[in-house]
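This is what each chain is made of:
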Amino acid sequence: MTAGKLRPVPAASITEWHETADVVIAGYGIAGVSAAIEAARSGAQVLILERTSGWGGAAALAGGFVYLGGGTPLQRALGFEDSVENMEKFLLAAVGPGADAAKIADYCRGSLEHYDWLVGNGVPFREALWDEPGWEPPHDEGLAYSGGENAAPFNAVASPAPRGHVPQMRDKRTGERGGGYMLMKPLAETAEALGVRVSYDVRLSRLIVDGERVVGVLARRYGREIAVRAELGVVLATGGFAYSEQMVADHAPRLIGRPGAAIEEHDGVGILAATALGAATAHLDATEVAFFGDPQMMARGILVNGQGQRYVTEDTYPGRIGQATLFHQDNQAFLVIDEQAHEEALATETATPIFRTPPTWAAETVAELEADMGLPELALQTTVEVYNTYAAQGRDPLFGKKPEWLRPLTGAVAAFDLRGATAGFPLGGLRTDLDARVLHVSGEAIPGLFAAGRCTAGICTGGYVSGASLGDGSFYGRRAGLAAAKGEVE
């Protein structure tokens, strides 16, 4: 998309307004629907412009984790103690350098109320815990660890508490119809019951301004350009830029050549339209990384790099393993496991059976396996020897793997070739304040422009936890709707 097609358009040049509403929202995913509900409840007339033919966006295809804590009713019902301070301490550590401390504190303080808001809008959470390794619960359990809270090094930083809240979903089909769909469905029904209008197959292209204020958007519907006026405010909820090759190359080059763990509509258009107006961005280089390994097997085995050395605790959040692999190991990874551990892992349930493929190599001894894998002589053997020595003592001084997963690797062994087994999506985007107002590079809020969801830099600006996207997308989507309905910058 050329710069000329992104530059904001003066309102004086618009000869016909094809649609008008108080609040215009671009995108009908989790951020958009949450903004719509709050704006409508504030008395605003709301119009959602959705580029596809139905609601949902990436949220409806997601596993459905919503990252909430501080002692939610679901946490308490299942016997877990948590606090706002404990949740905040964990997130600051998990996100790492560059954490937006103010936004994390704000999100943690509002977490309990946000849980109640979701439930009050018809989102169901079953009182059941899934505490096995996995990308997500295989059934309809409502709570799980979703960020490595109970694994090293975080279990020594903050008291472990599961915060992955999953909406209950019948007939779950991972990647097709899961908890994310059940999150979106009642919210979409709520929005439309409130009188929110929706125009489908409408793609945002540019912002319309009157002086410094955003007063509408230009969009395309079936190849025809239309002008949509926003009397009070425009909310961008257009998703990230995982499917913009140019933006990935410019800002998140570690994802070049990696599959995008998003949907094709995440092409960065909202970010580009806002930056053409002078909007500031943050953490565009930050990325989540999915790792295509079976968590049950990884917890029971050892992950080694291209030199046959361990590099991460295997029982942590798979996204953390993915980041460690792509960022620090040149995308080189192998999972080594013995026959007993392999059989134990296969006997467990999983939401991602696609990762349970036959091993790449199998051998009677570690020495033979090492040779078959093409690793330097004694490299893997030394790693296994050190691991086994400590595992026999029930400890892992190198990486802190929990004792429940520590057992020496003995007998016949196998290895999975996981080189290149990563995918991801960018975490950065437009810089916003706590009211979801888009900030200009000057630091001032751009009048009439708000944003939430993956087109913004949310609570995860480096490290990631599953549920952060749906969590802060809905949380700050609500803020965007409330602020836009006020119609002015305070």
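Just so it is clear, the structure is predicted and the values come from calculations on it, not from any experiment.

Thresholds applied
Residues numbered from 1 in each chain as written. Predicted model: local features only at pLDDT ≥ 70, side-chain atom pairs only at ≥ 80, totals over all residues. Heavy atoms only, no water. Helix = DSSP H or I, 4+ residues; strand = E, 2+ residues; numbered from the N terminus. Buried < 20%, exposed > 50% of the residue type's maximum accessible area, 1.4 Å probe, protein only. Axes fitted to C-alpha atoms, helices over the stretch in contact; angles between N-to-C directions. Parallel < 35°, antiparallel > 145°, perpendicular 65-115°, else oblique. Contact = heavy atoms within 4.5 Å. Nonpolar A, V, L, I, M, F, W, Y, C, P; charged D, E, K, R; others polar. Salt bridge = Lys/Arg side-chain N within 4 Å of Asp/Glu carboxyl O. Pairing = 2+ DSSP bridges. Phe/Tyr/Trp six-rings, centres within 6.5 Å; stacked < 30°, edge-to-face > 60°. Polar contact = N/O pair within 3.5 Å; in protein donor to acceptor, adjacent residues only side chain to side chain.

Undergrad: What should I look at first to understand the environment of G487 in this one?
TA: Structurally, G487 is set in the segment after α14 (468-486). The class of G487 is buried, set by a relative accessible area of 16%. Through-space distance from the C-alpha of G487 to that of E85 is 34 Å; in sequence the pair is 402 residues apart.

Undergrad: What exactly am I supposed to notice about the packing of helix α5 (residues 111-120) against α14 here?
TA: Contact geometry of α5 with α14 gives a least axis separation of 11 Å together with a crossing angle of 85°. In terms of their interaxial angle, α5 and α14 are classed as roughly perpendicular. Along its contact with α5, which presents E113, H114 and W117, the element α14 presents G471, S474, F475 and R478. Of the residues that constitute the contact of α5 with α14, the class distribution is two nonpolar, three polar and two charged.

Undergrad: Teacher, can you tell me more about the pattern of salt bridges here?
TA: Side-chain pairs of opposite charge can arise whenever the charged atoms involved come near each other. Enumeration over the complete set of coordinates arrives at 20 salt bridges. Its salt-bridge partner being D396, residue R310 comes within 3.0 Å of it at the nearest N-O pair. Here D396 lies in the loop between α13 (379-391) and β17 (413-417) and R310 lies in the loop between β14 (302-304) and α10 (318-328), a separation of 86 residues in the sequence. The buried category is assigned to D396, whose relative accessible area is 9%. Salt-bridge contacts for R437 lead to D433; the nearest nitrogen and oxygen are separated by 2.6 Å. Residue classification places R437 among the buried positions, given a relative accessible area of 17%. Owing to a relative accessible area of 14%, D433 belongs among the buried residues under this scheme.

Undergrad: Can you walk me through the sheet that holds strand β4 (residues 66-67) in this structure?
TA: Reading across from one edge, β4-β7-β6-β5 is the order of the four strands in this open sheet, with mixed pairing throughout. With one partner strand each, in any of the chains shown, β4 and β5 (129-130) form the two edges of the open sheet. Bridge count for strand β6 (residues 143-144) against strand β7 (residues 164-165) is two bridges, and the pairing is antiparallel. Its bridge partner being in β7, A144 is matched across the sheet by G164.

Undergrad: So what exactly am I meant to see when it comes to the packing of aromatic side chains here?
TA: Aromatic ring pairs are described here by two measures, namely the spacing of the ring centres and the angle between the planes. Here the structure, examined in full by the defined rule, presents twelve aromatic pairs. Ring geometry for F80 against Y145: centres 6.4 Å apart, planes inclined by 90°, an arrangement best described as edge-to-face. Linking F80 in the loop between α2 (73-77) and α3 (84-95) with Y145 in the loop between β6 and β7, this pair joins segments that are 65 residues apart in sequence. Note on F90 and F154: the rings are 5.3 Å apart at their centroids and 85° apart in plane angle, and the pair reads as edge-to-face.

Undergrad: What is the right way to look at the environment of T52 in this model?
TA: On the secondary structure map, T52 appears in the loop between β3 (46-50) and β4. As for T52 and Y28, which are separated by 24 residues in sequence, their C-alpha atoms are 9.0 Å apart. Contact partners of T52, with chain neighbours within four places excluded, come to Y200, D201 and E265. Engagement of the side chain of T52 in a polar contact is seen with the side chain of E50, the distance being 2.6 Å. Among the polar contacts made by the side chain of T52, one reaches the main-chain carbonyl oxygen of G54 at a distance of 2.9 Å.

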